[in-house]
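Structural overview for review
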Amino acid sequence: MDDKIKIGIMGGTFDPIHYGHLATAEAVRKKYGLEKVLFIPSGNPPHKTDRDITSKSHRYNMSILATVSNDFFEVSDVEIQKDRLSYTVDTLLELSEKNPNAQYYLIMGADAFCDIETWSRVEKLFELSKVVGATRPGIDMDDFKRNITKIQQKYKTQILHVHVPSLDISSTDIRDRIKYGMTIKYLLPENVEKYIYKYNLYR
Ligand code: ATP
Ligand code: MG
């Protein structure tokens, strides 16, 4: 068990990727001594059918740009290569088959973690990975802790949790700020900011 390669999985829409995602992944990587963190931009996310999502290629490119400065970060195109809806559990199954010698750490912000029971095949998710819940501004700490306890008891599993310095940043807010002509500087890497303006995204 211990000789397994520890790999973090950071899934998201990344529309666009920002410092909240990067700081969370780095905090988890460091705490658990992960070999690397795979950022996996989602294809057609089952949870987000309510708005037009930026093309997979733009979201993938922005993820690449955002992660170049960290040698431990990689971007995977497993989900964006697919046409059908992508469930995390299927991605984990696919990754585990390809790399049976890996122990996956599934990283989730507190908002995503509190919704975990709506995810497809949760039991299988716990079987295939160690789930890591990370603090996120906007999610009450007590609620988060209560949820962790509840999930641990209900599924007889262990949930890891990491405190991340609070960055009250969301992709929704960044998209709104662009739409209303407000600054997005220092909320996301500069090269991603430049990419957004170059391709006229979120106007
Ligand atoms: P949106 O506003 O479009 O939902 P988002 O900022 O929530 O975007 P997602 O792509 O939905 O970003 O999130 C991917 C993952 O990153 C989720 O697990 C989410 O909880 C986590 N995450 C996003 N922003 C933060 C943050 N500021 N701090 C901690 N975790 C975060
Ligand atoms: Mg979100």
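Rules of the game
- In every chain, residue numbers begin from 1 and rise along the written sequence.
- Chain A is the first chain written and ligand 1 is the first ligand written, with later ones labelled in order.
- Where local features are concerned, this predicted model is filtered to residues with pLDDT of at least 70; where side-chain atom pairs are given and counted, the filter is 80 or more; whole-chain, interface and lining totals use all residues.
- Hydrogens and water molecules were not included; the side-chain quantities draw on all heavy atoms of the structure.
- UniProt positions are given in the numbering used here, feature names are shortened, and annotations may be inferred rather than shown by experiment.
- Throughout this document, a residue counts as near a molecule or strand when at least one of its heavy atoms sits within 4 Å of that molecule or strand.
- Side-chain atoms alone can form a polar contact between residues adjacent in sequence; in general such a contact is a pair of N or O atoms within 3.5 Å, and within protein one must be able to donate a hydrogen while the other accepts it.
- All accessible-area figures derive from a Shrake-Rupley calculation using a 1.4 Å probe, and residue coverage is judged against the displayed protein chains alone.
- Numbering goes from the N terminus for both helices and strands, where a helix is a DSSP run of H or I of at least four residues and a strand is a run of E of at least two.
- Each residue is assigned to one of three groups, with Ala, Val, Leu, Ile, Met, Phe, Trp, Tyr, Cys and Pro labelled nonpolar, Asp, Glu, Lys and Arg labelled charged, and all others, Gly among them, labelled polar.
- Each residue gets one of three labels from its accessible area relative to the maximum for its type: buried under 20%, exposed over 50%, partly exposed in between, using a 1.4 Å probe on protein chains only.
- One bridge is not enough; two strands pair if DSSP finds at least two bridges between them.
- Classification remark: right-handed applies to a crossover when, strands pointing away from the viewer, the course from the first strand over the helix to the second runs clockwise.

An unreviewed UniProt entry lists the chain under the name Probable nicotinate-nucleotide adenylyltransferase, with Peptoclostridium litorale DSM 5388 as the source organism. Under the UniProt heading Sequence similarities (unreviewed entry), the note attached to the chain is "Belongs to the NadD family." The UniProt entry for the chain carries the following comment under Catalytic activity (unreviewed entry): "nicotinate beta-D-ribonucleotide + ATP + H(+) = deamido-NAD(+) + diphosphate".

In this section: the site of ligand 1. In the vicinity of ligand 1 lie 22 residues, with His18, His21, Asp111, Ser171 and Thr172 positioned nearest. Between Phe14 and ligand 1, the recorded distance is 3.2 Å, taken from a backbone N or O atom to an oxygen atom. In this structure, a nitrogen atom belonging to ligand 1 sits 2.9 Å away from a main-chain N or O atom of Leu167. Here ligand 1, which alone exposes 590 Å², has 90% of that area covered by the protein. When residues of the shell around ligand 1 are traced back to their parent elements, those giving at least two are strand S1 (5–12), helix H1 (19–32), strand S4 (102–109), helix H4 (110–114) and helix H7 (171–179). Tallied by class, the residues present in the shell around ligand 1 amount to six nonpolar, twelve polar and four charged.

Turning our attention to the side chain of Ser86. By the element assignment, Ser86 lies in the loop between strand S3 (73–75) and helix H3 (88–98). In terms of polar contacts, Ser86 uses its side chain to reach the backbone amide nitrogen of Gly43, at 3.4 Å. A polar contact is formed between the side chain of Ser86 and the side chain of Glu79, at a distance of 3.4 Å.

The next point concerns the pairing of strand S5 (residues 129–134). Along S5, five of the six residues are buried, which leaves the element largely enclosed by surrounding structure. For S4 and S5, the ladder comprises six bridges, and the chain directions are parallel. Across the sheet, residue Ile107 finds its bridge partner in S5, namely Val132. Looking at chain direction, S5 and strand S6 (residues 160–162) are connected through three bridges and run parallel. Bridging from a neighbouring strand, Val132 pairs with Leu160 of S6. Handedness of the β-α-β unit built from S5, helix H6 (residues 141–155) and S6 comes out right-handed.

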